[in-house]
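Each chain is listed here by its residues.
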Amino acid sequence: MKRNLTLLSTTMIMTVYLPVIIILIAVLTIFPKSAQHLTLLDNKERLYLQSCPELATVKAAFGSAKKLALPFTLLNWNIYKQQHTNWQKALQKWTQKSDLLTLQEIKYSPAFINFSQINSLFYFQNNAFQYQDVVYGVNTLSKVAPSYVCGTRYSEPWISIPKTGIATIYPLENLPDSLLLINIHGVNFTFTAAPLMEQIQPYLALIKSHRGPVIFSGDFNTWSAQRLEQVAQTLLQADFQDALFANDQRITIFGQPLDHIYYRGLQVVKSESWATKTSDHNPQLVTFKLR
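Residues numbered from 1 in each chain as written. Predicted model: local features only at pLDDT ≥ 70, side-chain atom pairs only at ≥ 80, totals over all residues. Heavy atoms only, no water.

## Considering the pattern of salt bridges
Inference 1: Evaluation of the coordinates by the stated rule reveals six salt bridges.
Inference 2: Across the salt bridge formed by Arg-291 and Asp-239, the nearest N and O atoms sit 3.2 Å from each other. Linking Arg-291 in the segment after β18 (284–290) with Asp-239 in the loop between α5 (225–237) and β13 (241–242), this pair joins segments that are 52 residues apart in sequence.
Inference 3: When its relative accessible area of 55% is taken as the criterion, Arg-291 is described as exposed.
Inference 4: Salt-bridge contacts for Asp-248 lead to Arg-250; the nearest nitrogen and oxygen are separated by 2.8 Å.
Inference 5: Looking at Asp-248, the relative accessible area reads 36%, which means it is partly exposed.
Inference 6: Judged by relative accessible area, which is 9%, Arg-250 ranks as buried. (Salt bridge = Lys/Arg side-chain N within 4 Å of Asp/Glu carboxyl O. Helix = DSSP H or I, 4+ residues; strand = E, 2+ residues; numbered from the N terminus. Buried < 20%, exposed > 50% of the residue type's maximum accessible area, 1.4 Å probe, protein only.)

## Regarding the state of the cysteines
Inference 1: This model, assessed by the stated rule, comprises one disulfide.
Inference 2: Each sulfur in the disulfide pair Cys-52 and Cys-150 lies 2.0 Å from the other. Between Cys-52 and Cys-150, the S-S torsion sits near 100°, and that sign places the bridge as right-handed. With Cys-52 in the loop between β3 (47–48) and β4 (56–57) and Cys-150 in strand β9 (residues 148–155), this residue pair connects regions lying 98 residues apart in the sequence. (Disulfide = S-S within 2.5 Å.)

## With respect to the packing of aromatic side chains
Inference 1: Within the structure shown, the criterion is met by 13 aromatic pairs.
Inference 2: Ring centres of Phe-72 and Phe-288 lie 5.9 Å apart, and the angle between their planes is 40°; on these two criteria the pair is classed as tilted. Placement of Phe-72 in strand β5 (residues 72–78) and of Phe-288 in strand β18 is noted, with a sequence separation of 216 residues between them.
Inference 3: When the centroid spacing of 6.0 Å and the interplanar angle of 75° are considered together, the rings of Tyr-108 and Tyr-123 count as edge-to-face. Within this pair, whereas Tyr-108 is found in the loop between β6 (100–107) and α3 (110–118), its partner Tyr-123 is found in strand β7 (residues 122–131), the two being separated by 15 residues in sequence.
Inference 4: Tyr-108 gets classed as buried once you look at its relative accessible area, which sits at 10%.
Inference 5: The exposure class assigned to Tyr-123 is buried, which follows from its relative accessible area of 3%.
Inference 6: Linked through ring pairs, Tyr-203, Phe-216, Phe-220 and Tyr-262 together constitute an aromatic cluster.
Inference 7: It is Lys-59 that lies over the ring of Tyr-48; its NZ or CZ is 4.9 Å from the centre. (Phe/Tyr/Trp six-rings, centres within 6.5 Å; stacked < 30°, edge-to-face > 60°. Lys NZ or Arg CZ within 6 Å of the ring centre and 35° of its normal.)

## Examining the confidence of the model for the protein
Inference 1: Per-residue confidence for the protein averages 89 on the pLDDT scale, and 86% of its residues sit at or above 70.
Inference 2: Low pLDDT, under 50, characterises residues 2–10; the stretch is placed with zero contacts to residues that sit more than four places away or in other chains. (pLDDT = per-residue confidence, 0-100. Contact = heavy atoms within 4.5 Å.)

## A word on unusual backbone geometry
Inference 1: Of note, the bond from Cys-52 into Pro-53 is cis; its omega dihedral lies within 30 degrees of zero at 15°.
Inference 2: Locating Pro-53 in the fold gives a position in the loop between β3 and β4.
Inference 3: Here the residue pair Leu-70 and Pro-71 is connected by a cis peptide bond, since its omega of -5° sits within 30 degrees of zero.
Inference 4: As for its position among the elements, Pro-71 is in the loop between β4 and β5.
Inference 5: Of note, the phi angle at Ser-120 is positive, near 55°, even though the residue is not glycine.
Inference 6: Position of Ser-120 relative to the elements: it lies in the loop between α3 and β7.
Inference 7: For Ser-120, a relative accessible area of 56% puts it in the exposed group.
Inference 8: Phi at Asn-221 takes a positive value of approximately 50°, unusual for a residue other than glycine.
Inference 9: Mapped onto the fold, Asn-221 is located in the loop between β12 (214–219) and α5.
Inference 10: Accessibility expressed as a relative area gives 6% for Asn-221, which makes it buried.

Given below as structure tokens:
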């Protein structure tokens, strides 16, 4: 009986009191500063203000005529603000295998910018907030330049700090169609799945109008069965599949994986997930060919 009461108390603390404690801590400390508008930058520091589902044409850059060849490989990883000293070594190893990278919780630092330059990567950074003169958000990197881009900002309902997302479109080699790639960091501190579903709505509208293959990747923060089911069912109804891993090392909360790579119009050639100490999330690497 005592053990059951202890388990019940622990569950109540995790599900009811923990979010309240987090908010109180946030109120009593200095909040990060949020941007007043969409802050979507390319690797030339050029600003784009287009909110999804409307797309902006990417300004021409050297090497932008190159197209994405199939098969291609995608890395998805929440990099935890590069807090671990070995983040660059780990990302360098995985970048060598990747054509596209969807990263969340990126610290947009000189070290990260230098990393992208050394590896000749195009990127788009969508800033969520600024803390101690450094901005953080999501970043989509690629070895070929995208042709179109848009982004979103969605504020956490409780703490008001935004979560951001990016959609990029890449021309495909020897094919008339293009690839739509979506990178999202899902809202986290909510009682229901409704805010998360509202956050992804602009991307669902964009998906509906896109004729080619699509990848919807990121840290969805699907830490409850309800959140995971609503995201999964919505995308399954749109003909998406969730990339699976034989040795699944994705981080889980309450038994639910947070990170996903959903895909449509493609076929998985190889999928891997590894454990790492360089972040509080583990990366996923998936190679695709046309279905």
